[in-house]
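Fold and contact review
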Amino acid sequence: MRILIIGTGGTIASAKTERGYKAKLSVNEILRIAGIRGDGVKIETKDILNLDSTLIQPEDWVTIGRTVFESLEEYDGIVITHGTDTLAYTSSALSFMVRNVPIPVVLTGSMLPITEPNSDAPRNLKTALTFAMKGFPGIYVAFMDKVMLGTRVSKVHSLGLNAFQSINYPDIAYVKGSEIVVRHRPPVPSGRPLFDPRIDPNVVHLRLTPGLSPEVFLSVAEKVDGIVLEGYGAGGIPYRGRNLLEAVSKVTGKKPVVMTTQALYGGVDLTRYEVGRRALEAGVIPAGDMTKEATLVKLMYALGHTKKVEEVREIMEKNIAGEISSAF
Ligand code: ASP
C-alpha cells in the first residue's frame, strides 16, 4: 500500500517564532515528531506549500488539486495537511475541481502545533492515515476522531480541538479504539477522474445585517461577478425602510446573487416566509443546505464555467460533490 502525504502548512506544520506560530516544518519533520512511521505502508511525502492557511488563495487550490489529480494513479490514498482556518474552503474547492477520485483523499490539520506538548496533530494524522488506507473513494476531512465529507465541513471553533463539524450531513466515520468505524457511505460517482480547475475568484460574500445600505450593496455588486448574501434564518431580504430587495433585484438579471444563512444548521428555504418568497421572485438563488464555504467556492466554480445567470443557477442547484441535498 502506498500513501502520499501532501504538505501545505498550517498549525500542524508550525513552530513558535518571535512573531507567533509560523508554518515551517516539512511533512517528514511532522511525521518524525508525531512518531508515525507507517509500518507496512509506504508513505511518501511532498511539500508543495508551507503557509498559514489565512494566506491561501484560490490559485493555491488549483496547485493542490493538480498535485492530487496527478498522484491518483500512483497511490492508494492521499492525505493533505493544511491549516484549519481555510481548510473547509480548500476541501470544497478540491471536491469541485478533482472529481471521480478512485481513492480516499483526506485533509487534516491541527489546532495545536506539532511542536507543542499535547498537540492534536499526531491524533488527527493517524485518523487521516487510517481512513486513507480504507479505500473509500472521495474527498474527506479527518479531525478529532471523526471523518467528514469534504464539501460539508465548517470550522466551528477557533480554539477548541473539536474544531470541525459536518453541517446538515452525517459524519462519514469515527474512531473507536484503534479502529475506524464507517457509519455513512456517500454515493460513489462513476466515471474517469477529471481535473476541472476553471474558477472565477471574483465573488464576494456579504453578511446581511439590519440597516445594510442598498447603495453599498450596489457599489460592491458592480465590482464582482457574483455575490453570496448571508441572510438570517431560513432566508429573506428586507424591503422596509432601506429597500435592499429593490437593489438586489437590479442585480439578479446580470449577476448571480446566492442566498445562504447565518444559521449554522438547517440551510435556506426561501419558500417558507413572505420575505423569502419575495427574494425568490427577485431572482435570488437559494443555497439550500450547503455550507457557507461550499456555497462560495461553488459560485466561483460555476462562474468559471459560465457568466449566464440561469446557467449559474442550474449549477448551484445541482449536486456535484455531495454538497447539497436533493430536498432543496
Ligand atoms: N492559522 C492556522 C492556519 O489556518 C490555524 C490552524 O492551522 O489551526 O494555518
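Please refer to the structure placed before this passage.
Heads up: these notes are all about the structure in this document. (Residues numbered from 1 in each chain as written. Predicted model: local features only at pLDDT ≥ 70, side-chain atom pairs only at ≥ 80, totals over all residues. Heavy atoms only, no water.)

**So, the pattern of salt bridges**
Evaluation of the coordinates by the stated rule reveals 15 salt bridges. The residue Arg207 makes a salt bridge to Glu230 at a minimum N-O spacing of 2.7 Å. Of this pair, Arg207 sits in strand E15 (residues 203-207) while Glu230 sits in strand E16 (residues 226-231), and the two are 23 residues apart along the sequence. Residue Glu323 is joined to Lys298 by a salt bridge in which the shortest nitrogen-to-oxygen separation is 2.7 Å. With Glu323 in the segment after helix H9 (309-317) and Lys298 in helix H8 (residues 292-305), the pair connects residues that are 25 residues apart, well separated along the chain. Lys298 matches Glu323 in its accessibility class, with the two residues each being buried. Members of the salt-bridge network, linked through shared partners, are Arg2, Lys42, Glu44 and Glu74. (Salt bridge = Lys/Arg side-chain N within 4 Å of Asp/Glu carboxyl O. Helix = DSSP H or I, 4+ residues; strand = E, 2+ residues; numbered from the N terminus. Buried < 20%, exposed > 50% of the residue type's maximum accessible area, 1.4 Å probe, protein only.)

**Considering the site of the ligand**
Every residue near the ligand is listed here: Gly10, Thr11, Asp52, Ser53, Gly83, Thr84, Asp85 and Ser110. Ser110 is positioned with one of its backbone polar atoms (N or O) 3.0 Å from an oxygen atom of the ligand. Here the ligand, which alone exposes 260 Å², has 90% of that area covered by the protein. Grouping the constituent residues of the shell around the ligand by class yields no nonpolar, six polar and two charged. (Near = heavy atom within 4 Å. Polar contact = N/O pair within 3.5 Å; in protein donor to acceptor, adjacent residues only side chain to side chain. Areas by Shrake-Rupley, 256 points an atom, 1.4 Å probe, with all protein chains shown as cover. Nonpolar A, V, L, I, M, F, W, Y, C, P; charged D, E, K, R; others polar.)

**Examining the environment of Gly9**
When you line up the elements, Gly9 lands in strand E1 (residues 2-9). Since its relative accessible area comes to 3%, Gly9 is described here as buried. It is 33 Å that separates the C-alpha atoms of Gly9 and Thr306, two residues lying 297 residues apart in sequence. Ignoring any residue separated from it by four or fewer positions in sequence, one finds Gly9 in contact with Ala23, Leu49, Asn50, Leu51, Thr81, His82 and Gly83. (Contact = heavy atoms within 4.5 Å.)

Shape descriptors only; they carry no functional weight alone.
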